[in-house]
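Chain by chain, the residues:
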Amino acid sequence: MNDEFRQRRERLMERVGHGVAIFRSAPVAVMHNDVEYPYRQDSDFLYLTGLNEPEAVAVLTPYHDKHRFILFIRPKNPDQEVWTGMRLSREEARDTFGADEVYLIADLDETLPQYLENADTIYYRFGRDNSFNGRVIKFWQQLMTSYPRRGRGPIAIRDTGVILHPLRMVKSEAEINLMCKAAAISVEAHKRACKKVKPGRYEYEVQAEIEYVFRQQGADGPAYPTIAASGSRGCILHYTDNSQRLQKNELLLIDAGCSYHSYNADITRTIPVSGKFTIEQKILYELVLEAQRQAISRIRPANSYTEISEIAVKVITEGLAELGLLTGEFEELIKGEQYKPFFMHRIGHWIGMDVHDVGIYQNGDSPQMFLPGNVLTVEPGIYIGPNIQPVEGQPEVDQRWRGIGIRIEDVVLVTPDGNEVLTAGLPKAVREIERR
Ligand code: GLY
Ligand code: MN
Ligand code: MN
């Protein structure tokens, strides 16, 4: 794996040129009072270093003759190590992560400027840590003050994401393997949970079955808060209470995926609690499924995110119009986004080390074309909440449709000649989920 991290840094350094790139580790997140969440490294930082520790800074200086990759880390601290485990010494960190030089984080202010003064650009992504943002600006100001004496220095700060995220968008073979594993564990978790679904059980029991499999199979844990939403709660996009009892004739929307070695899966299935769809549920379910099928069938290099987005919107809009839930000219329904009260989110998102992964969806005036190695979710939905408000001029929604929330979501890898659905092992056809 060390080779992989080194290759990533080399590829980025080609883009950094005569600049210097600075990366800050993620802060520790507090659960309450003095209790902390398990540490999760910033994905850019992890992608380039493999170092999973807070209070660290990584610096890439491609033009430097000796130190092209520098780390700043926490000091060893025997008292703290009793509580939180061993920390690496500078020498150990150098060997483990392949750094050319390792300093203590306390020496950053004194040491970092010498690596910046001969660069022409500082690459840095301003993040939530305002105190660190301020330090970078201060380094820059100081170097600009002394610029006349040297006649060189970083005359610009540029965003790191612009050069790094295109690399992260195209997954390597090693990354794809981890994503396949995250997908496989998540599929197994959904399968186990589906078997337990029946009237009288609670949403949290479904969540528990899923998260049991995650840990039991060696995943880090949920990639995001698990959603087990029965009945009209399926229309709440980020429902996480998972507190209600499953009722006969309701649907259960399960949106759950695990993180495996920091790579994520994200799957949604919507299944009938009592094993059989009502007529209305089935009609809408098949419409969502068709929108997803058509969107996925168009995923290949030379097609674009915009294209799959448009086809899903088209299928859903046509379907809603056929059911009388929307009325008017098709072109007007699309242009006026009249479908939005029913389908209000995007068709999907890039997925990788972040669930909503980095990367652009539109390339200025041009569509962003798919590339082999891109991974995205495709997750159309129809949500008819009890109090749905159609766009003005559209008909009131009949009672029989209300309270139905459906989403179907899979993870799709773009391949050189098409795509591969990494979560295809989880059934979604009506006949498969009815008889489960
Ligand atoms: N579960 C988060 C999402 O579907 O985007
Ligand atoms: Mn998603
Ligand atoms: Mn999801």
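To be clear, the structure that these remarks concern was listed above.
As the structure is a prediction and not an experimental result, all values here were calculated from the model. (Residues numbered from 1 in each chain as written. Chains lettered and ligands numbered in written order. Predicted model: local features only at pLDDT ≥ 70, side-chain atom pairs only at ≥ 80, totals over all residues. Heavy atoms only, no water.)

Trainee: If you had to explain the coordination of the manganese ion (ligand 2) to someone new, which residues and values would you point to?
Mentor: Six octahedral donors at a metal ideally form angles of 90 or 180 degrees, and four tetrahedral donors ideally form angles of 109.5 degrees. In this structure, Asp 266 (OD), His 349 (NE2), Glu 379 (OE) and Glu 409 (OE) serve as the protein donors to the manganese ion (ligand 2), at separations of 2.0 to 2.2 Å. Around the manganese ion (ligand 2) sit 6 donor atoms; with metal-centred angles ranging over 52 to 159 degrees, the donor geometry is irregular. Sequence spacing of the donor residues for the manganese ion (ligand 2), all on one chain, is D-x82-H-x29-E-x29-E. The manganese ion (ligand 3) is placed at 3.3 Å from the manganese ion (ligand 2), the two being bridged by Asp 266. Of this pair, Asp 266 sits in the loop between β13 (263–264) and β14 (267–272) while Glu 379 sits in the loop between β17 (375–378) and β18 (381–384), and the two are 113 residues apart along the sequence. According to the relative accessible area criterion, Asp 266 is buried, its value standing at 4%. (Donors = N, O, S within 2.8 Å, 3.2 Å for Na, K, Ca; no water. Tetrahedral: all angles 85-135°; square planar, octahedral: opposite > 155°, others 65-115°. Helix = DSSP H or I, 4+ residues; strand = E, 2+ residues; numbered from the N terminus. Buried < 20%, exposed > 50% of the residue type's maximum accessible area, 1.4 Å probe, protein only.)

Trainee: Give a detailed account of the packing of aromatic side chains, specifying residues and quantitative values.
Mentor: In this structure the tally under the stated criterion is 10 aromatic pairs. A centroid spacing of 6.1 Å and a plane angle of 90 degrees characterise the contact between Trp 350 and Phe 370, whose relative ring orientation is edge-to-face. With Trp 350 in the loop between α13 (330–335) and β15 (362–363) and Phe 370 in the loop between β16 (366–367) and β17, the pair connects residues that are 20 residues apart, well separated along the chain. Here Phe 370 falls in the buried class, since its relative accessible area comes to 1%. (Phe/Tyr/Trp six-rings, centres within 6.5 Å; stacked < 30°, edge-to-face > 60°.)

Trainee: Break down the coordination of the manganese ion (ligand 3) for me, with residues and values.
Mentor: At 2.1 to 2.4 Å from the manganese ion (ligand 3) lie its protein donor atoms, namely Asp 255 (OD), Asp 255 (OD), Asp 266 (OD) and Glu 409 (OE). Overall, Asp 255 belongs to the buried group, its relative accessible area being 6%.

Trainee: Talk me through unusual backbone geometry; I want residue IDs and the actual numbers.
Mentor: The bulk of non-glycine residues show a negative phi, and the bulk of peptide bonds are trans. A positive phi angle, near 70 degrees, is found at Ser 262, a position not held by glycine. Non-glycine residue Ala 302 carries a positive phi angle of around 85 degrees. Following the sequence through the fold, Ala 302 ends up in the loop between α11 (279–297) and α12 (305–322). Under the relative-accessibility criterion, Ala 302 is labelled exposed at 57%.

Trainee: Could you give me a rundown of the site of ligand 1, with the residues and numbers involved?
Mentor: Lining the immediate environment of ligand 1, one finds Tyr 224, Asp 255, Asp 266, His 349, His 356, Glu 379 and Glu 409. His 349 is positioned such that a nitrogen or oxygen atom in its side chain is 3.0 Å from an oxygen atom of ligand 1. Between ligand 1 and Glu 409 there is a distance of 3.3 Å, counted from an oxygen atom to a side-chain nitrogen or oxygen. Relative to its free-state accessible area of 200 Å², ligand 1 is covered by the protein chains to the extent of 87%. Each residue belonging to the shell around ligand 1 can be placed in one class, and the counts come to 1 nonpolar, 2 polar and 4 charged. (Near = heavy atom within 4 Å. Polar contact = N/O pair within 3.5 Å; in protein donor to acceptor, adjacent residues only side chain to side chain. Areas by Shrake-Rupley, 256 points an atom, 1.4 Å probe, with all protein chains shown as cover. Nonpolar A, V, L, I, M, F, W, Y, C, P; charged D, E, K, R; others polar.)

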